[in-house]
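Fold and contact review
Each chain is listed here by its residues.
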Amino acid sequence: MKLTRTGVFTIVVALAFLAVPYAATLLGSNYVITLATRVAIYAIVAVSLDMLVGRSNLVSFGHAAYFGLGGYAVAISAFHLANDVPIFGWAGTNEALIAWPLAMFVAGFGALIIGALSLRTAGVYFIMITLAFAQMLFFLFVALKYYGGDDGLSLSTRNLFAGNRITDARTFYWICLAALAICLLLSWRILNSRFGMVLRGAAASERRMAALGFPVYRYRLAAFVIAGMMAGLAGALWANQNRFVSPDMLSWVRSGEFLVMVIMGGLSSLVGPVVGAAAFLLIESYLSGWTEHWQMVFGPFVLLVAVFAPRGLWGALRGKGDV
Amino acid sequence: MQLVLEQLLNGLQLSLTLFLLAAGLTLVFGIMGVINLAHGSLYMIGAYAGAWAAAKTGTFWLALPAGLAAAALVGAAMELLVVRRLYAREHLSQVLATFGLILFFNGFIAWSAGRSPLLMETPPQLSGFVEILPGLPYPAYRLAMMGVGVAVALGLWYMISRTRIGMLIRAGSDKREMVEALGVDIAKLFTLVFALGALLAGLAGVMVGPIRSVQVGMGEQVLITTFVVIVVGGIGSIRGAFAGALLIGMCDTLGRAFVPMLLKSWLSGPLADGLGGALSSVIIYLVMALVLIVRPRGLFPVSG
């Protein structure tokens, strides 16, 4: 098998992720692990968003909504358990194997409804409508004073994973990394499946795919729901890492940041979104350590990427024609 | 009854403010095909320049031209430096680039003016109340805002349907290449339209100063509501922007005023409070969803 440039870089990225815990031991600091965990979680969101933006040419500007729904599903389940208040006759849960699939289900259900409405439109309408619905959920959680409203909701402890504590930074990192690996595998399988072909075909020409007899709307809705579920899983992980959720998880700025990650990394490439998430978080943590007004520098940077490097970092790394 | 009338007027006033923003956004999209997220930043810049000028000079009547000039100049610079490069690009690049602009402007304002909200005084000539009906006083300033909104709407209508520049705008949004082939300097026209949209956003920003707090992030809140307005009205259509602004402004104001009250009349306790607050804050999005189910391209769809 001939190793392409993409193959080499993919292996480098994978090795970097695997080396993080050892690097942390060498440096004697857990901050590296915390940062890498955040990268892994954001990378899941970026991979899911790329399935819509990159592969299907569906620019969703409200992806933070599903991230937030996943986070809130976990936090609310734990909240009811901790306060001993049943919700609809259910005691709530602190078990990851129940709460995380629940988070994915809630986020997927949200994506189903929002997607069903938004996918009736296209182009710039789609951008604005996904943004508007995400904003609607944002205001909904702000107004839900019972669950903390503006101030957010704290989790007293991380979820248990099959009954085991996952408070150790390394253990939690491996779990997040495994989740990212599964999402990447799924994304890769979809890319090369008939389902993925239809999505890419419809991105190139919706009319042609419709003429070939494919129900494009249903395929797109399925992709929208799958992407929403992945983002929901990432939200559940994020809630566990920070033991805190707030409406900020669903804010439009976060949706914008997710888009920046995907594009900075490179659209419709398997590893591009992962690189983008890593680059975004590294730049953010560097700039925000340097000045409180880091957005003043980061904004023009985003602008430059959009104008001069629409193929992203990965696109620049992997060269031309290589997929 | 008085309460209803007062809320109707508040709704109308919000509608006209939304229209000032929506008109610029929809014009820019209709004629240039650019989705400009930083439109809300122009509104914020207008408000800040106005508040700054008012604090320096002590009079609203200098704040108004300062806000307008700042927004129009920044708008023109934005078009020449950034937006111009985005005409031929896909929406994704436009979204990303203008998102970067928002981050920059928010960071810049927070750095130069601080994060605490600024306050602006109502001009003394308009600080009183006008009794519009016996027993129904209404703030003169808000009435003046409505007057300006109506005047701008009429002026825009006249400009677009009766003047040469309006003819070029209509033609440019329909068949850009043809207008260019006829020898019109399309680049100049685009800069002009963009600056006009910025001017309207700045006008909305300065006028809103005395009734709301001027702060970082004020632009985005109103921007997303403006998106709802033009999606409902039909993107690219001024008439649609007007209809959408009326519908959304009214629904939002009346919803916030009466939905919690109505809920309380047949529910009780904290549930009604929570639900009322939540429902009234999402009502405009529900209206948008409804419109989309019935008419996916808005109330006044633009062909092409």
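Note that this is a predicted model, so its numbers are computed, not measured.

For chain B, the count of helices and strands is eleven helices and two strands. Listing every helix and strand of chain B by position from the N terminus yields α-α-α-α-β-β-α-α-α-α-α-α-α. The C-alpha atoms of chain B give a radius of gyration of 20 Å, which matches the 19 Å a tight globule of 304 residues would have. The 304 residues of chain B split such that 53% are buried. Taking as baseline every contact in chain B between residues at least 6 positions apart, the subset at least 24 positions apart corresponds to 77%. Total accessible area computed for chain B in this model is approximately 13100 Å², and 68% of it derives from carbon and sulfur atoms. Across chain B, the centroid of the 18 positively charged side chains sits 5 Å from that of the 12 negatively charged ones.

What follows concerns helix α5 (residues 140-162) of chain B. Across its 23 residues, α5(B) extends 32 Å between first and last C-alpha, which sits within 8% of the 33 Å expected from 1.5 Å per residue. What α5(B) keeps buried is the set A140(B), Y141(B), M145(B), M146(B), G149(B), V152(B), A153(B), L156(B), M159(B) and I160(B).

Tallying the contact residues gives 47 residues for chain B and 40 residues for chain A. For the pairing of chain B and chain A, the buried interface totals around 4000 Å² over both sides, and the portion due to carbon and sulfur atoms is 82%. Among the residues of chain B in contact with chain A, L92(B), L96(B) and F99(B) are the three that bury the most area, contributing 17% of the side total. The tally of links between chain B and chain A comes to one salt bridge. Between R115(B) and E292(A) there is a salt bridge whose closest N-O contact spans 3.6 Å. Counting every contact that joins chain B to chain A gives six residue pairs in polar contact (both at pLDDT 80 or more).

A few words on the packing of aromatic side chains. All names here are of chain A. The tally for this structure, following the rule as stated, stands at 29 aromatic pairs over all chains. For the ring pair F79 and Y146, a centre distance of 5.7 Å and an interplane angle of 85 degrees mean the geometry is edge-to-face. With F79 in helix α3 (residues 64-83) and Y146 in the loop between α5 (123-143) and β1 (153-154), this residue pair connects regions lying 67 residues apart in the sequence. Judged by relative accessible area, which is 16%, F79 ranks as buried.

All names here are of chain A. Backbone geometry at A162 places phi at a positive 50 degrees, although glycine is not the residue there. On the secondary structure map, A162 appears in the loop between β2 (160-161) and β3 (164-165). According to the relative accessible area criterion, A162 is partly exposed, its value standing at 47%. A positive phi is found at R243, a non-glycine position, where the angle reads about 50 degrees.

The next thing to look at is the pattern of salt bridges. Residue and element names in this part refer to chain A. Applying the stated criterion to the full structure yields six salt bridges over all chains. R220 serves as the salt-bridge partner of E206, at 3.3 Å between the closest nitrogen and oxygen. In this pair, E206 sits in helix α8 (residues 206-211) while R220 sits in helix α9 (residues 216-242), placing the two residues 14 residues apart along the sequence.

Let us now look at the side chain of R254(A). All names here are of chain A. As for its position among the elements, R254 is in helix α10 (residues 252-265). A polar contact of 3.3 Å, which involves the side chain of R254, links it to the backbone oxygen of D248. Contacts of R254, omitting those with residues within four sequence positions, involve Y42, A64, F67, W238, D248 and M249.

This part covers the confidence of the model for chain A. On average, residues of chain A score 88 in pLDDT, and 96% of them are at 70 or above. The spread of mean pLDDT over the elements of chain A runs between helix α13 (residues 312-318) of chain A, the lowest at 69, and α9(A), the highest at 96.

All names here are of chain A. Applying the stated criterion across every chain, the model contains zero disulfides over all chains. Considering cysteine sulfurs only, C183 is the nearest to C176, which forms no disulfide, with 11 Å between them. Classification of C176 by relative accessible area gives buried; the value is 0%. Overall, C183 belongs to the buried group, its relative accessible area being 5%.

Time to look at the side chain of N159(A). Residue and element names in this part refer to chain A. Topologically, N159 is positioned in the loop between β1 and β2. A polar atom in the side chain of N159 sits 3.0 Å from the side chain of N94. Among the polar contacts made by the side chain of N159, one reaches the side chain of W100 at a distance of 2.9 Å.

On to the pairing of strand β2 (residues 136-139) of chain B. Residues and elements named next belong to chain B. Residue alternation in β2 divides its side chains into a buried set, L136 and Y138, and an unburied set, P137 and P139. Here four bridges tie strand β1 (residues 129-133) to β2, and the two strands are oriented antiparallel to one another. Opposite V130, over in β2, you have Y138 as the bridge partner.

We now examine helix α8 (residues 186-208) of chain B. All names here are of chain B. Over its 23 residues, α8 extends 33 Å from the first C-alpha to the last, a length consistent with the 33 Å expected when each residue adds 1.5 Å. Most of α8 sits inside the fold, with 18 of its 23 residues counted as buried. Looking at where α8 begins, the residue whose side-chain oxygen comes 3.3 Å from the main-chain nitrogen of A187 is D185.

Further remarks concern the packing of α3(A) against α9(A). Residue and element names in this part refer to chain A. It is the contact of α3 with α9, at a shortest axis distance of 6 Å, that shows an interaxial angle of 50 degrees. Taken together, the axes of α3 and α9 are oblique relative to one another. Taken as a pair, α3 and α9 cross one another with a handedness that is right-handed. Of the residues in α9, those touching α3 at Y66, F67, G70, G71 and V74 are F224, G228, A231, G232, A234, G235, A236, W238, A239 and N240. Looking at side-chain class alone, the contact of α3 with α9 contains nine nonpolar, six polar and no charged residues.

A word on the environment of A241(B). Residues and elements named next belong to chain B. Summarising the element assignment, A241 is placed in helix α10 (residues 238-266). Taking C-alpha positions, A241 is 25 Å from S213, a pair spaced 28 residues apart along the chain. If we ignore the near neighbours within four places in the chain, the residues touching A241 are F19, A22, A23, T26 and V229.

Criteria and cut-off values
- Residues numbered from 1 in each chain as written.
- Chains lettered and ligands numbered in written order.
- Predicted model: local features only at pLDDT ≥ 70, side-chain atom pairs only at ≥ 80, totals over all residues.
- Heavy atoms only, no water.
- Helix = DSSP H or I, 4+ residues; strand = E, 2+ residues; numbered from the N terminus.
- Rg over C-alpha atoms; globule rule 2.2 N^0.38 Å.
- Buried < 20%, exposed > 50% of the residue type's maximum accessible area, 1.4 Å probe, protein only.
- Contact = heavy atoms within 4.5 Å.
- Areas by Shrake-Rupley, 256 points an atom, 1.4 Å probe, with all protein chains shown as cover.
- Lys, Arg positive; Asp, Glu negative; His and termini not counted.
- Charge placed at Lys NZ, Arg CZ, Asp CG, Glu CD.
- Expected span 1.5 Å × (residues − 1).
- Buried area = accessible area lost by both parts, 1.4 Å probe.
- Salt bridge = Lys/Arg side-chain N within 4 Å of Asp/Glu carboxyl O.
- Polar contact = N/O pair within 3.5 Å; in protein donor to acceptor, adjacent residues only side chain to side chain.
- Phe/Tyr/Trp six-rings, centres within 6.5 Å; stacked < 30°, edge-to-face > 60°.
- pLDDT = per-residue confidence, 0-100.
- Disulfide = S-S within 2.5 Å.
- Pairing = 2+ DSSP bridges.
- Axes fitted to C-alpha atoms, helices over the stretch in contact; angles between N-to-C directions.
- Parallel < 35°, antiparallel > 145°, perpendicular 65-115°, else oblique.
- Left-handed = near helix turned anticlockwise from the far one by under 90°.
- Nonpolar A, V, L, I, M, F, W, Y, C, P; charged D, E, K, R; others polar.

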